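Examination of the molecular architecture
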Amino acid sequence: MTYNKKPREDEPRINNQIRADKIRLIGADGEMIGVVSVAEALRKAEAAGLDLVEVSPNAAPPVCKILDYGKYKYEAQKKASEARKKQKVITLKEIKLRPGIDDHDFEVKMKQVLKFLAEGDKVKITLRFRGREMTHMELGLQVMNRVKEYVGAAAKVETEPKMEGRQAIMILSSSK
(Lines give C-alpha, C1' and ligand atoms only; values in the text may rest on other atoms or scores of the structure.)
Protein backbone atom coordinates (compact mmCIF):
# COMPACT_ATOMS: atom_id res chain seq x y z
CA MET A 1 0.00 0.00 0.00
CA THR A 2 1.28 3.46 -0.76
CA TYR A 3 0.40 6.63 1.07
CA ASN A 4 1.70 9.67 -0.81
CA LYS A 5 0.23 12.42 1.34
CA LYS A 6 2.58 14.46 3.52
CA PRO A 7 2.60 13.26 7.16
CA ARG A 8 1.47 15.58 9.94
CA GLU A 9 4.00 16.28 12.67
CA ASP A 10 2.28 13.97 15.16
CA GLU A 11 1.98 11.08 12.70
CA PRO A 12 4.78 8.63 11.92
CA ARG A 13 6.30 8.48 8.43
CA ILE A 14 5.26 5.49 6.35
CA ASN A 15 6.55 3.69 3.25
CA ASN A 16 8.09 6.18 0.75
CA GLN A 17 8.02 9.06 3.27
CA ILE A 18 10.93 7.52 5.25
CA ARG A 19 14.06 9.55 4.47
CA ALA A 20 16.87 7.57 6.17
CA ASP A 21 19.41 5.49 4.19
CA LYS A 22 19.56 2.60 6.66
CA ILE A 23 16.92 1.61 9.22
CA ARG A 24 16.59 -0.92 12.03
CA LEU A 25 13.76 -3.21 10.92
CA ILE A 26 11.28 -5.11 13.07
CA GLY A 27 9.25 -7.76 11.24
CA ALA A 28 5.48 -8.20 11.15
CA ASP A 29 5.63 -10.85 13.89
CA GLY A 30 7.71 -8.60 16.17
CA GLU A 31 11.14 -10.23 15.65
CA MET A 32 14.18 -8.03 15.05
CA ILE A 33 15.45 -8.35 11.47
CA GLY A 34 18.36 -5.93 11.84
CA VAL A 35 19.80 -2.91 10.04
CA VAL A 36 18.74 -2.89 6.37
CA SER A 37 18.28 -0.35 3.57
CA VAL A 38 14.90 1.36 3.16
CA ALA A 39 14.46 -0.19 -0.31
CA GLU A 40 14.93 -3.71 1.07
CA ALA A 41 12.55 -3.00 3.97
CA LEU A 42 9.93 -1.65 1.56
CA ARG A 43 10.24 -4.86 -0.53
CA LYS A 44 9.70 -7.02 2.59
CA ALA A 45 6.68 -4.93 3.62
CA GLU A 46 5.24 -5.16 0.08
CA ALA A 47 5.74 -8.95 0.10
CA ALA A 48 3.83 -9.21 3.39
CA GLY A 49 1.09 -6.91 2.06
CA LEU A 50 1.68 -4.45 4.92
CA ASP A 51 3.18 -0.98 5.46
CA LEU A 52 6.61 0.13 6.65
CA VAL A 53 6.05 2.48 9.60
CA GLU A 54 8.76 4.58 11.29
CA VAL A 55 8.08 4.02 15.01
CA SER A 56 11.19 5.70 16.45
CA PRO A 57 12.52 8.41 14.10
CA ASN A 58 15.04 9.86 16.60
CA ALA A 59 16.99 6.63 17.12
CA ALA A 60 20.24 6.02 15.23
CA PRO A 61 19.40 4.33 12.86
CA PRO A 62 15.62 5.01 12.90
CA VAL A 63 13.47 2.06 13.97
CA CYS A 64 10.80 0.92 11.50
CA LYS A 65 8.21 -1.80 11.79
CA ILE A 66 6.29 -3.82 9.22
CA LEU A 67 2.60 -3.57 10.14
CA ASP A 68 -0.89 -2.60 8.96
CA TYR A 69 -0.89 1.21 9.23
CA GLY A 70 -4.69 1.52 9.44
CA LYS A 71 -4.80 -0.88 12.37
CA TYR A 72 -1.83 0.90 14.00
CA LYS A 73 -3.60 4.26 13.74
CA TYR A 74 -6.84 2.80 15.14
CA GLU A 75 -5.03 1.29 18.15
CA ALA A 76 -3.25 4.59 18.87
CA GLN A 77 -6.58 6.43 18.71
CA LYS A 78 -8.18 3.94 21.11
CA LYS A 79 -5.27 4.30 23.55
CA ALA A 80 -5.54 8.10 23.46
CA SER A 81 -9.28 8.04 24.15
CA GLU A 82 -8.77 5.62 27.08
CA ALA A 83 -6.19 7.99 28.56
CA ARG A 84 -8.64 10.89 28.21
CA LYS A 85 -11.39 8.91 29.98
CA LYS A 86 -9.14 8.14 32.95
CA GLN A 87 -8.14 11.79 33.36
CA LYS A 88 -9.75 13.63 36.28
CA VAL A 89 -10.27 17.34 35.78
CA ILE A 90 -9.95 19.20 39.07
CA THR A 91 -12.31 22.12 39.25
CA LEU A 92 -12.37 24.96 41.73
CA LYS A 93 -15.71 25.30 43.54
CA GLU A 94 -16.52 28.43 45.52
CA ILE A 95 -18.45 28.74 48.78
CA LYS A 96 -19.34 32.26 49.93
CA LEU A 97 -19.71 33.06 53.61
CA ARG A 98 -20.38 36.15 55.75
CA PRO A 99 -18.82 37.01 59.13
CA GLY A 100 -22.18 36.79 60.97
CA ILE A 101 -23.24 33.42 59.47
CA ASP A 102 -25.78 31.44 61.51
CA ASP A 103 -24.86 27.97 62.84
CA HIS A 104 -27.32 26.07 60.65
CA ASP A 105 -26.32 27.98 57.51
CA PHE A 106 -22.68 27.27 58.33
CA GLU A 107 -23.32 23.53 58.67
CA VAL A 108 -25.24 23.38 55.36
CA LYS A 109 -22.35 25.12 53.57
CA MET A 110 -19.78 22.85 55.24
CA LYS A 111 -21.65 19.72 54.11
CA GLN A 112 -21.45 21.12 50.57
CA VAL A 113 -17.69 21.72 51.03
CA LEU A 114 -17.17 18.13 52.20
CA LYS A 115 -19.17 16.86 49.19
CA PHE A 116 -16.98 18.86 46.79
CA LEU A 117 -13.80 17.61 48.48
CA ALA A 118 -15.03 13.98 48.30
CA GLU A 119 -15.50 14.42 44.53
CA GLY A 120 -11.85 15.50 44.27
CA ASP A 121 -12.49 19.20 43.61
CA LYS A 122 -10.74 22.13 45.25
CA VAL A 123 -12.87 24.54 47.27
CA LYS A 124 -12.39 28.29 47.52
CA ILE A 125 -13.91 29.74 50.69
CA THR A 126 -14.74 33.43 50.22
CA LEU A 127 -15.71 35.51 53.26
CA ARG A 128 -17.11 38.89 52.21
CA PHE A 129 -17.17 41.90 54.53
CA ARG A 130 -19.78 44.64 53.99
CA GLY A 131 -19.94 48.14 55.42
CA ARG A 132 -18.77 48.37 59.03
CA GLU A 133 -17.94 44.65 59.21
CA MET A 134 -14.43 45.65 58.08
CA THR A 135 -13.78 47.02 61.58
CA HIS A 136 -14.35 43.52 63.03
CA MET A 137 -11.94 41.45 60.95
CA GLU A 138 -11.43 39.06 63.90
CA LEU A 139 -15.00 37.75 63.37
CA GLY A 140 -14.06 36.76 59.83
CA LEU A 141 -10.90 35.06 61.06
CA GLN A 142 -12.98 33.10 63.61
CA VAL A 143 -15.30 31.89 60.81
CA MET A 144 -12.29 30.78 58.72
CA ASN A 145 -10.86 28.90 61.72
CA ARG A 146 -14.28 27.24 62.23
CA VAL A 147 -14.14 26.10 58.59
CA LYS A 148 -10.66 24.59 59.14
CA GLU A 149 -11.85 22.75 62.26
CA TYR A 150 -15.02 21.47 60.58
CA VAL A 151 -13.31 19.97 57.53
CA GLY A 152 -10.45 18.67 59.72
CA ALA A 153 -8.69 15.67 58.19
CA ALA A 154 -10.90 15.63 55.07
CA ALA A 155 -9.01 18.58 53.61
CA LYS A 156 -5.70 20.34 53.72
CA VAL A 157 -5.43 24.11 53.56
CA GLU A 158 -3.72 24.94 50.28
CA THR A 159 -3.84 28.72 50.74
CA GLU A 160 -4.12 30.18 54.24
CA PRO A 161 -6.83 32.84 54.74
CA LYS A 162 -5.71 36.17 53.27
CA MET A 163 -7.43 39.48 52.64
CA GLU A 164 -8.09 40.65 49.09
CA GLY A 165 -9.90 43.95 49.25
CA ARG A 166 -13.15 43.49 51.19
CA GLN A 167 -12.98 39.68 51.27
CA ALA A 168 -10.90 36.95 52.88
CA ILE A 169 -10.04 33.94 50.70
CA MET A 170 -8.91 30.43 51.64
CA ILE A 171 -8.41 27.46 49.29
CA LEU A 172 -8.91 23.87 50.46
CA SER A 173 -8.01 20.68 48.61
CA SER A 174 -8.77 17.05 49.31
CA SER A 175 -6.30 15.36 51.65
CA LYS A 176 -6.52 12.08 49.63
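Residue numbers run consecutively from 1 along every chain, following the written order of its sequence. Where totals are concerned, whole chains, interfaces and linings use all residues; where local detail is concerned, this predicted model gives features only for residues with pLDDT of at least 70, and gives and counts side-chain atom pairs only at 80 or more. Water and hydrogen atoms play no part in the side-chain values, which are based on all heavy atoms of the structure.

Focus on the pattern of salt bridges
Salt bridges, as used here, are contacts in which a Lys or Arg side-chain nitrogen is within 4 Å of a carboxyl oxygen on Asp or Glu. Applying the stated criterion across every chain yields a total of six salt bridges. With its nearest N and O atoms 3.3 Å apart, the salt bridge here joins aspartate 103 to arginine 146. In this pair, aspartate 103 sits in helix α3 (residues 103-118) while arginine 146 sits in helix α4 (residues 137-151), placing the two residues 43 residues apart along the sequence. Note on exposure labels: buried denotes an accessible area under 20% of the residue type's maximum, exposed denotes more than 50%, and partly exposed covers the range between, all computed with a 1.4 Å probe on protein chains only. The exposure class of arginine 146 is partly exposed, given its relative accessible area of 30%. Note that lysine 122 and glutamate 158 form a salt bridge whose closest N and O atoms lie 2.9 Å from each other. Of this pair, lysine 122 sits in strand β6 (residues 122-128) while glutamate 158 sits in strand β7 (residues 155-164), and the two are 36 residues apart along the sequence. When its relative accessible area of 41% is taken as the criterion, glutamate 158 is described as partly exposed. Numbering of helices and strands runs from the N terminus; a helix is a DSSP stretch of H or I covering at least four residues, while a strand is a stretch of E covering at least two.

Brief notes about the sheet that holds strand β3 (residues 51-56)
The strand order across the open sheet formed by four strands is β2-β1-β4-β3, and the pairing between neighbours is mixed. Bordering the open sheet on either side are β2 (32-37) and β3, each of which pairs with just one other strand. Direction aside, neighbouring strands of the sheet carry axes that sit 35 degrees apart on average. Sheet topology places strand β1 (residues 22-26) next to β2; five bridges connect them, and they run antiparallel. Counterpart to isoleucine 26 in the pairing with β2 is methionine 32. Only heavy atoms matter for contacts: two residues are in contact if any of them lie within 4.5 Å across the pair. Convention adopted: a line fitted to C-alpha atoms gives each axis, helices being fitted over their contacting stretch, and angles between N-to-C directions are expressed from 0 to 180 degrees. Relative to β2, helix α1 (residues 38-48) is tilted by about 125 degrees, and along the sheet it contacts β1, β2, β3 and β4 (63-67). Contacts from helix α2 (residues 69-86) reach β3 and β4 within the one sheet, and its direction differs from that of β3 by about 40 degrees. Think of it this way: DSSP has to see at least two bridges between two strands before they count as a pair.

Considerations on the packing of aromatic side chains
A pair of aromatic rings is counted whenever rings of Phe, Tyr or Trp (Trp by its six-membered ring) have centres within 6.5 Å, and the orientation is called stacked for planes under 30 degrees apart, edge-to-face for over 60 and tilted otherwise. Counted according to the given criterion, the structure contains two aromatic pairs. Distance and angle both matter: a charge sits over a ring if NZ of Lys or CZ of Arg is within 6 Å of the ring centre and within 35 degrees of the ring normal. Sitting over the ring of phenylalanine 106, arginine 146 keeps its end group 4.0 Å from the ring centre.

Focus: the sheet that holds β6
Taken in spatial order, the four strands of this open sheet run β5-β6-β8-β7, and their pairing is mixed. Each having just a single partner strand, β5 (92-97) and β7 make up the two edges of the open sheet. Direction aside, the axes of adjacent strands within the sheet are offset by 20 degrees on average. Contacts from α3 reach β5, β6, β7 and β8 (167-174) within the one sheet, and its direction differs from that of β5 by about 170 degrees. Of the strands in this sheet, β5, β6, β7 and β8 touch α4, which is tilted by about 10 degrees from β8.

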